[in-house]
Amino acid sequence: MLTEERGLEFQPLAEVDVAASAAISSVLGLCAFRRASSLTILGQSIRRFATSVVRRSHYEEGPGKNLPFSVENKWALLVKMCLYFGSTFAAPFLIVRHRLLK
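Residues numbered from 1 in each chain as written. Predicted model: local features only at pLDDT ≥ 70, side-chain atom pairs only at ≥ 80, totals over all residues. Heavy atoms only, no water.

(A) Structural context of the overall build of the protein chain. Within the protein chain one finds 3 helices and 0 strands. What you see in the protein chain, going N to C, is helices and strands ordered as α-α-α. Burial status across the protein chain gives 1% buried among its 102 residues. Accessible surface, the protein chain as shown: approximately 10000 Å² in total, 67% of it carbon and sulfur. (Helix = DSSP H or I, 4+ residues; strand = E, 2+ residues; numbered from the N terminus. Buried < 20%, exposed > 50% of the residue type's maximum accessible area, 1.4 Å probe, protein only. Areas by Shrake-Rupley, 256 points an atom, 1.4 Å probe, with all protein chains shown as cover.)

Here is the structure:
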(Lines give C-alpha, C1' and ligand atoms only; values in the text may rest on other atoms or scores of the structure.)
Protein backbone atom coordinates (compact mmCIF):
# COMPACT_ATOMS: atom_id res chain seq x y z
CA MET A 1 0.00 0.00 0.00
CA LEU A 2 2.72 2.45 0.98
CA THR A 3 4.89 1.48 -1.98
CA GLU A 4 2.02 1.99 -4.42
CA GLU A 5 1.47 5.54 -3.15
CA ARG A 6 5.08 6.49 -3.67
CA GLY A 7 5.39 4.73 -6.97
CA LEU A 8 8.04 2.27 -5.75
CA GLU A 9 8.24 -1.19 -7.15
CA PHE A 10 10.14 -4.03 -5.62
CA GLN A 11 11.84 -6.39 -8.02
CA PRO A 12 12.10 -10.06 -7.23
CA LEU A 13 15.54 -11.19 -6.10
CA ALA A 14 16.14 -13.10 -9.34
CA GLU A 15 15.85 -9.91 -11.41
CA VAL A 16 18.52 -7.97 -9.48
CA ASP A 17 21.46 -6.98 -11.64
CA VAL A 18 24.08 -9.71 -11.35
CA ALA A 19 26.91 -7.38 -12.30
CA ALA A 20 26.04 -4.95 -9.52
CA SER A 21 25.92 -7.70 -6.93
CA ALA A 22 29.24 -9.09 -8.17
CA ALA A 23 30.81 -5.63 -7.94
CA ILE A 24 29.54 -5.16 -4.40
CA SER A 25 30.76 -8.57 -3.28
CA SER A 26 34.19 -7.97 -4.86
CA VAL A 27 34.51 -4.63 -3.08
CA LEU A 28 33.50 -6.20 0.22
CA GLY A 29 35.88 -9.07 -0.39
CA LEU A 30 38.70 -6.65 -1.17
CA CYS A 31 38.04 -4.74 2.06
CA ALA A 32 38.11 -7.99 4.03
CA PHE A 33 41.34 -9.00 2.27
CA ARG A 34 42.97 -5.65 3.06
CA ARG A 35 41.90 -5.91 6.70
CA ALA A 36 43.21 -9.47 6.97
CA SER A 37 46.48 -8.62 5.26
CA SER A 38 47.03 -5.57 7.48
CA LEU A 39 46.42 -7.73 10.57
CA THR A 40 48.87 -10.29 9.22
CA ILE A 41 51.50 -7.63 8.66
CA LEU A 42 50.91 -6.25 12.17
CA GLY A 43 51.27 -9.72 13.68
CA GLN A 44 54.49 -10.35 11.77
CA SER A 45 56.01 -7.05 12.88
CA ILE A 46 55.12 -7.72 16.52
CA ARG A 47 56.66 -11.19 16.29
CA ARG A 48 59.85 -9.81 14.72
CA PHE A 49 60.12 -7.15 17.44
CA ALA A 50 59.60 -9.63 20.26
CA THR A 51 62.20 -12.06 18.96
CA SER A 52 64.74 -9.30 18.38
CA VAL A 53 64.26 -8.06 21.96
CA VAL A 54 64.91 -11.57 23.27
CA ARG A 55 68.04 -11.89 21.15
CA ARG A 56 69.41 -8.56 22.39
CA SER A 57 69.06 -9.40 26.09
CA HIS A 58 72.37 -9.98 27.90
CA TYR A 59 71.15 -11.60 31.08
CA GLU A 60 72.58 -14.73 32.62
CA GLU A 61 70.72 -17.87 31.78
CA GLY A 62 69.99 -20.90 33.88
CA PRO A 63 67.77 -21.99 36.73
CA GLY A 64 67.39 -19.39 39.46
CA LYS A 65 69.14 -16.59 37.57
CA ASN A 66 65.94 -14.62 36.90
CA LEU A 67 64.72 -14.64 40.52
CA PRO A 68 64.98 -11.64 42.87
CA PHE A 69 66.67 -13.80 45.53
CA SER A 70 69.58 -16.20 45.58
CA VAL A 71 69.00 -19.94 45.39
CA GLU A 72 72.65 -20.86 45.71
CA ASN A 73 72.56 -21.56 49.49
CA LYS A 74 69.74 -24.00 50.16
CA TRP A 75 69.72 -23.48 53.95
CA ALA A 76 69.42 -19.70 53.67
CA LEU A 77 66.65 -20.20 51.11
CA LEU A 78 64.88 -22.59 53.51
CA VAL A 79 64.99 -20.04 56.36
CA LYS A 80 63.75 -17.21 54.11
CA MET A 81 60.89 -19.28 52.73
CA CYS A 82 59.85 -20.52 56.20
CA LEU A 83 59.80 -16.95 57.52
CA TYR A 84 57.87 -15.63 54.53
CA PHE A 85 55.26 -18.38 54.24
CA GLY A 86 55.08 -18.96 58.00
CA SER A 87 54.40 -15.30 58.77
CA THR A 88 51.70 -15.04 56.09
CA PHE A 89 50.04 -18.23 57.35
CA ALA A 90 50.25 -17.20 61.03
CA ALA A 91 49.04 -13.61 60.56
CA PRO A 92 45.25 -14.33 60.61
CA PHE A 93 45.60 -16.51 63.72
CA LEU A 94 47.62 -13.85 65.53
CA ILE A 95 45.10 -11.18 64.57
CA VAL A 96 42.19 -13.26 65.90
CA ARG A 97 44.10 -13.98 69.14
CA HIS A 98 44.80 -10.28 69.58
CA ARG A 99 41.10 -9.40 69.04
CA LEU A 100 39.94 -12.07 71.51
CA LEU A 101 42.34 -10.91 74.26
CA LYS A 102 41.14 -7.29 74.05
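Having put the structure on the table, let's press on.
(B) Inspection of helix H3 (residues 74-101) at higher detail. When the terminal C-alpha atoms of H3 are compared, their 39 Å separation across 28 residues agrees well with the 40 Å that a helix rising 1.5 Å per residue should span. Where H3 bends most, the angle comes to about 35°, and this point is Ala 91, followed within four residues by the proline Pro 92. The opening residue of H3, the one whose side-chain oxygen lies 3.3 Å from the backbone nitrogen of Trp 75, is Asn 73. (Expected span 1.5 Å × (residues − 1). Bend = angle between axes of the 7 residues up to and from the residue. Polar contact = N/O pair within 3.5 Å; in protein donor to acceptor, adjacent residues only side chain to side chain.)

(C) The arrangement of the packing of aromatic side chains in detail. What the rule picks out here adds up to 2 aromatic pairs. Where Tyr 84 meets Phe 85, the ring centres are 5.1 Å apart and the plane angle is 75°; that geometry is what we call edge-to-face. What makes Phe 85 partly exposed here is its relative accessible area of 47%. An angle of 55° between the planes, with centres 5.4 Å apart, marks the rings of Phe 89 and Phe 93 as tilted. Placement of both Phe 89 and Phe 93 in helix H3 is noted, with a separation of 4 residues, approximately one turn of the helix. In terms of burial, Phe 89 and Phe 93 fall into one category: exposed. (Phe/Tyr/Trp six-rings, centres within 6.5 Å; stacked < 30°, edge-to-face > 60°.)

(D) Just the pattern of salt bridges, in detail. Following the criterion strictly, the structure yields 1 salt bridge and no others. A salt bridge links Glu 72 to Lys 65, with the shortest nitrogen-to-oxygen separation between them at 3.9 Å. Classification of Glu 72 as exposed rests on a relative accessible area of 63%. With relative accessibility at 41%, the residue Lys 65 sits in the partly exposed group. (Salt bridge = Lys/Arg side-chain N within 4 Å of Asp/Glu carboxyl O.)

Keep in mind these numbers describe shape, not what the thing actually does.
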